[in-house]
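# A look at the structure
As a plain string of letters, each chain reads:
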Amino acid sequence: MDIYIPKNTDASHALKKTTHLAVAAHQDDIEFMAYHGIAECFMKENKNFSAAVVTDGGGSPRSGIYADCSNEHMMAIRKQEQKTAAVIGDYTAQFFLNLPSSAVKDASDKRAVNDLKEIISQTCPDIIYTHNPADKHDTHVAVTLRLITALKELNYRPKAFYGCEVWRGLDWMCDNEKISLDASERPNLEAALLGVFDSQISGGKRYDLAVTGRRLANATFSESHGVDSYEKIIYAMDLLPVLESGNICEYVTGYIDRFKLDVKNKLENLK
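Residues numbered from 1 in each chain as written. Predicted model: local features only at pLDDT ≥ 70, side-chain atom pairs only at ≥ 80, totals over all residues. Heavy atoms only, no water.

## Side note on the packing of aromatic side chains
With the rule as written, the count across this model stands at 6 aromatic pairs. On the numbers, 5.3 Å between centres and 40 degrees between planes, the contact of F32 with Y207 is tilted. Taken together, the residues F32 in helix 2 (residues 29-33) and Y207 in helix 10 (residues 207-220) connect sequence positions 175 residues apart. Ring geometry for W172 versus F259: centroids 6.0 Å apart, planes at 70 degrees, classification edge-to-face. With W172 in the loop between strand 6 (160-164) and strand 7 (179-182) and F259 in helix 11 (residues 248-270), the pair connects residues that are 87 residues apart, well separated along the chain. For W172, a relative accessible area of 18% corresponds to the buried category. The partly exposed category is assigned to F259, whose relative accessible area is 31%. Ring pairing ties together the aromatic residues F32, W167 and Y207, which thus form one cluster. Here the guanidinium or amino end of K178 rests over the ring plane of Y235, the centre of that ring lying 4.6 Å away. (Phe/Tyr/Trp six-rings, centres within 6.5 Å; stacked < 30°, edge-to-face > 60°. Helix = DSSP H or I, 4+ residues; strand = E, 2+ residues; numbered from the N terminus. Buried < 20%, exposed > 50% of the residue type's maximum accessible area, 1.4 Å probe, protein only. Lys NZ or Arg CZ within 6 Å of the ring centre and 35° of its normal.)

## Focus: the pattern of salt bridges
A complete count under the given rule lists 12 salt bridges for this structure. Residue R78 pairs with D28 through a salt bridge whose shortest N-O separation is 3.3 Å. Linking R78 in helix 4 (residues 71-88) with D28 in the loop between strand 2 (20-24) and helix 2, this pair joins segments that are 50 residues apart in sequence. Across this residue pair, the class does not change: R78 and D28 are buried. (Salt bridge = Lys/Arg side-chain N within 4 Å of Asp/Glu carboxyl O.)

## What about the side chain of E31?
In this fold, E31 is placed in helix 2. No salt bridge is formed by the buried E31, whose closest oppositely charged neighbour, R78, lies at an N-O distance of 8.3 Å. Aside from chain neighbours lying at most four places away, what touches E31 is I38, Q82, A85, Y91, L193, L194, F197 and R215. (Lys, Arg positive; Asp, Glu negative; His and termini not counted. Contact = heavy atoms within 4.5 Å.)

Have a look at this one:
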């Protein structure tokens, strides 16, 4: 595991200052799902944002000028992009676990859990952002499961624990169960962070446009009978109950069951 301290301060002091922590599968996921925390901490004395990328980025798709990059070269490029984002976003610390996706998806491989336990013990964050467990990307879901395991083994309970949108939106959740994270602040900072990851954007995916579009759509369609409260919203699932519950599958599918019931009741009432 590597640690990058953008402000070039003492590492132990920087880690202890952390109030918000994002744990993501890949380089760029942090900026996609945890912008609420980045903006909330930006240039603040009493709030400090740190982040961890679990995988090494070696298996990412590539085209254009990146088409001939080896895995090793692509890993180096993506790590540098993430470091640049950490500087732009005023992060307190950026962790790199440097694990292959295969290791993260293997529940018997304890490296991710052990590294995450070390990070949590060093930072003691109040707020944690990660992938939502209903995400369609296997590695994203695996990272969330390893993080939950690490928190349970440490018996660590943050004040808030958010499962956020990346490879599946959460607009389908019942309105009273969605957590709406305001992503409206500092659109210039948002654009700068999303634009850092040229290896992915030029490589064939306009993540910068898609992420901004989702945030705008979430805000616009959040309330059908009222004006918008926010310009941009990131939806999240509350994961704090998972730290007490023994069955994450039942917890997550419970949201789906309640959504199904909501749709069924509406149809029955209006037919």
